[in-house]
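This is what each chain is made of:
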Amino acid sequence: MNHSQHRNSVLKSCAAVVLVLVLSFPAGCGNDDFQRPIQQFQSASAVVISAARQSLQQMNDVEEKSELDRQIFEAEAFDESKIKAKDVISADELNARVNALDQLTRYTSALADLAALKAPAQVTQKFQDVGSGFKTLSQDAAKLAGASGGVFDNPRFSGAVQVAAAGIGAIVRAIEERKARREIEKEIRDHDADVNTLIKLIGDELEIAYQRRKQAESEEGVFLTNSLKLEIAKPKRGDPVLRMLLGDRLREWRNRQPLLANADPKPGVDAMQKAHQALVAYLTADRSPKNLSELLAAAQSFADRVQPLGQAIAALIGNS
Amino acid sequence: MPTKVEMVTQIGDVLTQTDAILSAPDFSPGDPAWQQLFALRKHLDDQQRDLVQEIIQDNTASFNAVAAQLSQAAGSLAKVGKDITKIGKILDTVSVVASLMDKVLNFVA
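This structure is a prediction, so every number in the text was calculated from the model and none was measured.

What counts and what doesn't
- Residues numbered from 1 in each chain as written.
- Chains lettered and ligands numbered in written order.
- Predicted model: local features only at pLDDT ≥ 70, side-chain atom pairs only at ≥ 80, totals over all residues.
- Helix = DSSP H or I, 4+ residues; strand = E, 2+ residues; numbered from the N terminus.
- Buried ≥ 20, exposed ≤ 12 C-beta atoms within 10 Å, placed from the backbone.
- Contact = placed C-beta atoms within 7 Å.
- Nonpolar A, V, L, I, M, F, W, Y, C, P; charged D, E, K, R; others polar.
- pLDDT = per-residue confidence, 0-100.
- Expected span 1.5 Å × (residues − 1).
- Axes fitted to C-alpha atoms, helices over the stretch in contact; angles between N-to-C directions.
- Parallel < 35°, antiparallel > 145°, perpendicular 65-115°, else oblique.
- Left-handed = near helix turned anticlockwise from the far one by under 90°.
- Arc of directions from axis to C-beta.
- Core = buried A, V, L, I, M, F, W, Y, C linked by C-beta atoms within 7 Å.

Undergrad: Describe the overall build of chain B, with residues and values.
TA: Counting its secondary structure elements, chain B contains four helices and zero strands. Helices and strands in chain B line up, N terminus first, as α-α-α-α. Over its C-alpha atoms, taken along the principal directions, chain B stretches across nearly 45 × 25 × 15 Å. Residue burial in chain B is summarised as follows: out of 109 residues, 28% are buried.

See the structure below:
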């Protein structure tokens, strides 16, 4: 038997064992093939959540710094009110988005426990915690729905959270009531589009945050290069000390550019969504070797995708 | 047709290209064309912020027509590159992008 046949045979055996165990929903342990992608998913999700928090937390700083730079470059008097007017996100808006990502990760982790055949009591508890977390998130998001003036579409976010929370609530009830496996799977499958809508919405918002950061960085490059041009255009090519100071800032700005290119959280969220979808497909379809290998590939891709993101975000924190 | 987020990214690309032109060594703030392009840059930046904040009705034929024109204008700026000898063409193109963005912002729901 060659390696490929052997692996296929192992995968089929694993799938058969998983199918039997899930059918009876007993206490048990998962297989190694399955544990690895779940660990990868959880580690990679932690990076995405951290990156999301950083991206959103920096939004006001980015806009304020951009306005301050503009005032200085255009030789305007310092105006704090104009700077503060550029703030785009409140602490409540930020916390709701980060909490939503956290709850989505916990939900996927609970699905993984279900697929990995963890003890029923443990699985039920985990789903109940997720259901409760989504309920709180839903209440917090509803308070934001009427808020206006920020960068984000709060009514849309709130609506997506309410729908996802209702869907996850139905799944939690099905598990609490120990409904048949097929019914639980049906609930998971029926509400997965709602969960995916929420993941996509958060990914889009993070992309917007990243775009604004990119624009502010790009604009800073204009201010620095042109301040230097103006200095050099002065008699005797201006003040050498000032040129050196501008040069230092220009050097720091250049160093940030490669980091910034890797700091876009959206591809990480997209990979997170694909890994989640692969898990749901594995859990709710036929648990075939094909589904398992797709889950393995999606989790690996997710882990690979977030590695440069985590490094870039960490480096940018100390270099902004 | 582009989604709102894709349109925000498209405008971001135009801003980045405009900034590269404004930063070119042979193009200085003392040049009136530089000031004109810088003013357009600020306007486009404000429009991008507005686009982010507004809920746009993006499922109509008229929106799609404007979005297609915007994609075309943004693409033609990339073709001009950073050649300052073509500053007239650059200013025209960025002006077209800005005026199309004004139309996009009229599709507020």
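Undergrad: I'd like a rundown of the overall build of chain A, residues and numbers included.
TA: In terms of regular secondary structure, chain A is built from ten helices and zero strands. Taken from N to C terminus, the helices and strands of chain A fall in the order α-α-α-α-α-α-α-α-α-α. By the burial criterion, 40% of the 320 residues in chain A qualify as buried. At a minimum sequence separation of 6, the contacts of chain A that also span at least 24 residues come to 79%.

Undergrad: Describe the interface of chain B and chain A, naming the residues involved and giving the relevant values.
TA: On the side of chain A, 17 residues touch chain B, which itself brings 16 residues to the contact. Going through the elements one at a time, helix 1 (4–22) and helix 2 (32–53) of chain B are the ones with two or more residues in the side of chain B that touches chain A. Element by element, the count of residues in the side of chain B that touches chain A is highest for helix 1 of chain B, at eight residues. Along the lines of polarity and charge, the residues of the side of chain B that touches chain A split into seven nonpolar, seven polar and two charged.

Undergrad: Describe the confidence of the model for chain B, naming the residues involved and giving the relevant values.
TA: Per-chain confidence: chain B averages 90 in pLDDT, with 99% of residues scoring 70 or above. When pLDDT is averaged over each helix and strand of chain B, the minimum, 88, is found for helix 3 (residues 61–80) of chain B and the maximum, 94, for helix 4 (residues 87–105) of chain B.

Undergrad: Account for helix 5 (residues 120–144) of chain A, with residues named and values stated.
TA: Working note: α-helix, 3.6 residues per turn, so residues spaced by three or four point in the same direction. Compared with an ideal rise of 1.5 Å per residue, which puts 25 residues at 36 Å, helix 5 of chain A spans 36 Å between its outermost C-alpha atoms and is within 8% of the ideal. Buried residues in helix 5 of chain A make contact with helix 4 (91–115) and helix 6 (154–176) of chain A.

Undergrad: Tell me about the packing of helix 5 of chain A against helix 6 of chain A, and name the residues and values.
TA: Residue and element names in this part refer to chain A. One can describe the packing of helix 5 onto helix 6 by two numbers: an axis separation of 8 Å at closest approach and a directional angle of 155°. By the angle between their axes, helix 5 is roughly antiparallel relative to helix 6. Pair helix 5 / helix 6 crosses with left-handed handedness. Classifying every residue of the contact of helix 5 with helix 6 by side-chain character gives 16 nonpolar, eight polar and two charged.

Undergrad: I'd like to hear about helix 2 of chain B, residue by residue, with values.
TA: Across its 22 residues, helix 2 of chain B extends 32 Å between first and last C-alpha, which sits within 8% of the 32 Å expected from 1.5 Å per residue. Along helix 2 of chain B, the residues classified as buried are B:L37, B:R41, B:L44, B:D45, B:Q48 and B:V52. The buried residues of helix 2 of chain B occupy an angular sector of 105° when projected down its axis, which confines them to one face. Opposite the packed face of helix 2 of chain B, turned more than 90 degrees from it, sit the exposed residues B:P32, B:Q35, B:A39, B:K42 and B:D46. Close packing links the buried residues of helix 2 of chain B with helix 7 (181–232) of chain A together with helix 1 and helix 4 of chain B.

Undergrad: Describe the packing of helix 4 of chain A against helix 7 of chain A, and please don't skip the residues or the numbers.
TA: All names here are of chain A. It is at 11 Å that the axes of helix 4 and helix 7 come closest, and there the two elements cross at 145°. The element helix 4 and its partner helix 7 pack so that their crossing is left-handed. Contact residues: helix 4 offers R97, A100, L101, L104, Y107 and L111, while helix 7 offers I188, V195, L198, I199, I202 and E205. Of the residues assigned to the contact of helix 4 with helix 7, the class counts are ten nonpolar, no polar and two charged.

Undergrad: Talk me through unusual backbone geometry; I want residue IDs and the actual numbers.
TA: All names here are of chain A. Phi is positive for K236, which is not a glycine, with a value near 55°. Of note, K236 is situated in the loop between helix 7 and helix 8 (240–261). We classify K236 as exposed; it has 6 C-beta atoms within 10 Å. A positive phi angle, close to 55°, is found at R237, a residue other than glycine. Structurally, R237 can be placed in the loop between helix 7 and helix 8.

Undergrad: Would you mind going over the nonpolar core in detail, with residue names and values included?
TA: Judged by nonpolar contacts, the single largest core of 100 residues is most densely connected at A:V48, A:L111, A:L198 and A:L279. The element contributing the most residues to this core is helix 7 of chain A, with 15 residues.

Undergrad: Could you give an account of the environment of A:L250, naming the residues involved and the relevant values?
TA: All names here are of chain A. Following the sequence through the fold, L250 ends up in helix 8. As for L250 and A77, which are separated by 173 residues in sequence, their C-alpha atoms are 23 Å apart. Beyond its immediate sequence surroundings of up to four residues, L250 is in contact with L224 and L228.

Undergrad: An account of the environment of A:G169 is requested, with residue identities and associated values reported.
TA: Among the structural elements, A:G169 can be located in helix 6. Linking A:G169 and A:F134, residues 35 residues apart in sequence, is a C-alpha distance of 8.2 Å.

Undergrad: Talk me through the environment of A:D194; I want residue IDs and the actual numbers.
TA: Residues and elements named next belong to chain A. Within the fold, D194 resides in helix 7. According to the C-beta neighbour criterion, D194 is partly exposed, with 17 such atoms within 10 Å. Between the alpha carbons of D194 and A165 there is a distance of 8.8 Å; along the sequence they are 29 residues apart. Ignoring any residue separated from it by four or fewer positions in sequence, one finds D194 in contact with V163, A164 and G167.

Undergrad: How would you summarise the confidence of the model for chain A if you had to cite specific residues and measurements?
TA: Residues with a pLDDT of 70 or more make up 86% of chain A, whose mean pLDDT is 84. Low pLDDT, under 50, characterises residues 6–30 of chain A; the predicted model gives this stretch 30 contacts beyond four residues in sequence or across chains.

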